[in-house]
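As a plain string of letters, each chain reads:
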Amino acid sequence: MKLVIAGVSGRMGRMLVAAADAAEGVDVAAALVRPGHDWVGHDLGRALGGAERGVIVTGDAGAALGSADALIDFTAPDATLAYAQEAARRGVAHVIGTTGFDADQIATLEAGEARNVTVRAGNMSLGVNLLTQLVRQVAAALGEEFDIEIVERHHRHKVDAPSGTALMLGEAAAEGRGVAIGDVSDRGRDGITGPRRAGDIGFAAIRGGDIVGMHDVVFAGPGEIVTLSHMATDRSLFARGAVRAALWAQDRPAGRYDMLDVLGIG
Ligand SMILES: NC(=O)C1=CN([C@@H]2O[C@H](COP(=O)(O)OP(=O)(O)OC[C@H]3O[C@@H](n4cnc5c(N)ncnc54)[C@H](OP(=O)(O)O)[C@@H]3O)[C@@H](O)[C@H]2O)C=CC1
Ligand SMILES: O=C(O)C1=N[C@H](C(=O)O)C[C@H](O)C1
């Protein structure tokens, strides 16, 4: 599989190169950065501080995707929207790990996703995807007297909140309750907020240090609290999941898939 990695200079981009190298049958054929980035025109291996690889880093998505089989993209919402168009135009499977999309951006992505093979997930780990199933089940079993709060913790560099994972977990909880997340989501409390609205699903974000990613789904009920948790201890976890998704995506019919499809636990 000829793989293109977007955002290769980023935290996840670097992890993705290592994960692709470790995977069988995966060839990093091209590496993308923002046009005008310092790395453009440099050898990928050298840019990463290692040996020459014979892959020249580029900012030109069209050229990079020319003869590719898959694009893995952990970048930023505006970049991912542009890459999605280019990947669809060229029939290159698109694995999207980027988070932080607003509602309009999601609508734009969804409109295009039917035309191409796209795997999109706010979290590529087995554990979190399994957790979404458990959250759905627990939310369905516990009544509205259990308040649902999602607490996520990430490193100080993270730019979006709530995390993509927290949103996935919130959606799973809402599905379990049979409600639309948009109707019950409470994403920020400050000042005199008044008492908690019954049935809301609350989100809280903590940012600090080098926390890879921690998520708690708290079901706070009368006299007892149930907490479902996941902690990522190494972000190579997400990169391995993304490479697995790109391999899985080969020869699939066009459409939008998620990691439950890839992992076969949907
Ligand atoms: N789904 C999952 O499992 C996971 C998802 N993520 C998500 O992946 C994304 C990236 O995370 P992380 O690697 O930590 O972030 P970084 O900021 O370290 O990397 C982002 C990369 O994308 C590039 N980029 C940003 N904007 C553009 C643009 N407009 N055009 C081209 N390139 C661009 C950056 O380049 P430059 O430096 O030039 O801005 C950088 O190389 C985030 O949305 C994060 O939430 C992260 C981990 C797991
Ligand atoms: O930005 C990160 O680092 C992460 N982002 C994803 C998210 O928004 O949930 C996944 C993971 O938690 C790490």
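Residues numbered from 1 in each chain as written. Chains lettered and ligands numbered in written order. Predicted model: local features only at pLDDT ≥ 70, side-chain atom pairs only at ≥ 80, totals over all residues. Heavy atoms only, no water.

K.L.:
It is not clear to me how the overall build of the chain should be interpreted in this structure. Could you clarify?
P.N.:
The secondary structure content of the chain amounts to 10 helices and 11 strands. In summary, the chain has a C-alpha radius of gyration of 19 Å against a globular reference of 18 Å for 266 residues, a match within 12%. Across its three principal directions, the C-alpha atoms of the chain cover 60 × 40 × 30 Å. Scored against the burial criterion, the 266 residues of the chain give a buried share of 50%. Taking the intrachain contacts of the chain between residues at least 6 apart in sequence as the baseline, contacts between residues at least 24 apart amount to 68%. When the accessible area of the chain is evaluated, it comes to approximately 12,600 Å², of which 50% is carbon and sulfur surface. (Helix = DSSP H or I, 4+ residues; strand = E, 2+ residues; numbered from the N terminus. Rg over C-alpha atoms; globule rule 2.2 N^0.38 Å. Buried < 20%, exposed > 50% of the residue type's maximum accessible area, 1.4 Å probe, protein only. Contact = heavy atoms within 4.5 Å. Areas by Shrake-Rupley, 256 points an atom, 1.4 Å probe, with all protein chains shown as cover.)

K.L.:
How do you make sense of the domain arrangement of the chain when you look at a structure like this?
P.N.:
Reports of interface size often rely on the accessible area that becomes lost once the parts have come together. Along its sequence, the chain is organised into domain 1 (2-124 + 235-263) and domain 2 (126-232). For domain 1 versus domain 2, the separation of C-alpha centres amounts to 28 Å. With 13 residues of domain 1 in contact, the opposing surface of domain 2 contributes 14 residues. Between domain 1 and domain 2 lies a buried interface of about 1,100 Å² when both sides are counted; carbon and sulfur atoms form 58% of it. Contact with domain 2 buries area across many residues of domain 1, yet Asn123, Arg235 and Leu260 alone supply 41% of it, more than any other trio. If you look at where domain 1 meets domain 2, you find zero salt bridges. For the interface between domain 1 and domain 2, the tally reads six residue pairs in polar contact (both at pLDDT 80 or more). Counting only elements with at least two residues in the side of domain 1 that touches domain 2, the list comes to helix H9 (236-249) and helix H10 (259-263). In terms of residue count, the dominant contributor to the side of domain 1 that touches domain 2 is H10 (three residues). Of the residues that constitute the side of domain 1 that touches domain 2, the class distribution is seven nonpolar, four polar and two charged. (Domains from an automatic or database assignment. Buried area = accessible area lost by both parts, 1.4 Å probe. Salt bridge = Lys/Arg side-chain N within 4 Å of Asp/Glu carboxyl O. Polar contact = N/O pair within 3.5 Å; in protein donor to acceptor, adjacent residues only side chain to side chain. Nonpolar A, V, L, I, M, F, W, Y, C, P; charged D, E, K, R; others polar.)

K.L.:
Please clarify how the site of ligand 1 should be interpreted in this entry.
P.N.:
Around ligand 1, 23 residues are found, and the nearest of them are Ser9, Arg11, Met12, Arg34 and Thr99. Ser9 is positioned such that a nitrogen or oxygen atom in its side chain is 2.8 Å from an oxygen atom of ligand 1. When ligand 1 is considered free in solution it has 920 Å² of accessible area, and contact with the protein chains removes 79% of it. Looking at the shell around ligand 1, the elements that each hand over two or more residues are helix H1 (11-22) and helix H4 (77-90). Residue contributions to the shell around ligand 1 peak at three residues, all from H4. Residue classes in the shell around ligand 1 are distributed as eight nonpolar, 10 polar and five charged. (Near = heavy atom within 4 Å.)

K.L.:
Hey, could you run me through the sheet that holds strand S9 (residues 213-221) in this one?
P.N.:
Strands in a sheet are paired, the pairing made by backbone hydrogen bonds, and the direction either parallel or antiparallel. The strand order across the open sheet formed by five strands is S7-S8-S6-S9-S10, and the pairing between neighbours is mixed. Among the strands making up the open sheet, the edge pair consists of strand S7 (185-186) and strand S10 (224-232). (Pairing = 2+ DSSP bridges.)

K.L.:
Before we go on, may I ask you to explain the site of ligand 2 in this structure?
P.N.:
As a matter of local geometry, ligand 2 sits amid Thr99, Gly122, Asn123, His154, His155, Lys158, Ser163, Gly164, Thr165, Val212, His215 and Phe238. Within the side chain of His154, one N or O atom sits 2.6 Å away from an oxygen atom of ligand 2. His155 is positioned such that a nitrogen or oxygen atom in its side chain is 2.8 Å from an oxygen atom of ligand 2. When ligand 2 is considered free in solution it has 320 Å² of accessible area, and contact with the protein chains removes 85% of it. Taken domain by domain, the shell around ligand 2 gets at least three of its residues from each of domain 1 (2-124 + 235-263) and domain 2 (126-232).

K.L.:
Mind showing me how you'd approach H4 here?
P.N.:
Count 3.6 residues to each turn of an α-helix, and residues three or four apart come out pointing the same way. Taking 1.5 Å as the rise per residue, H4 with 14 residues should run 20 Å; its terminal C-alpha atoms sit 20 Å apart, in good agreement. Listed in full, the buried residues belonging to H4 are Pro77, Thr80, Tyr83, Ala84, Glu86, Ala87 and Ala88. Where H4 is buried, its residues meet strand S1 (2-6), strand S2 (27-32), helix H3 (61-65), strand S3 (70-73), strand S4 (93-96) and helix H5 (103-113). (Expected span 1.5 Å × (residues − 1).)

K.L.:
Help me understand the environment of Ile225, please; the structure alone is not making it clear to me.
P.N.:
Along the chain, the position of Ile225 falls in strand S10. For the pair formed by Ile225 and Thr58, sequence separation is 167 residues and the distance between their alpha carbons is 51 Å. Non-local contacts of Ile225, meaning those with residues more than four positions away in its chain, are made with Val218, Phe219 and Ala220.

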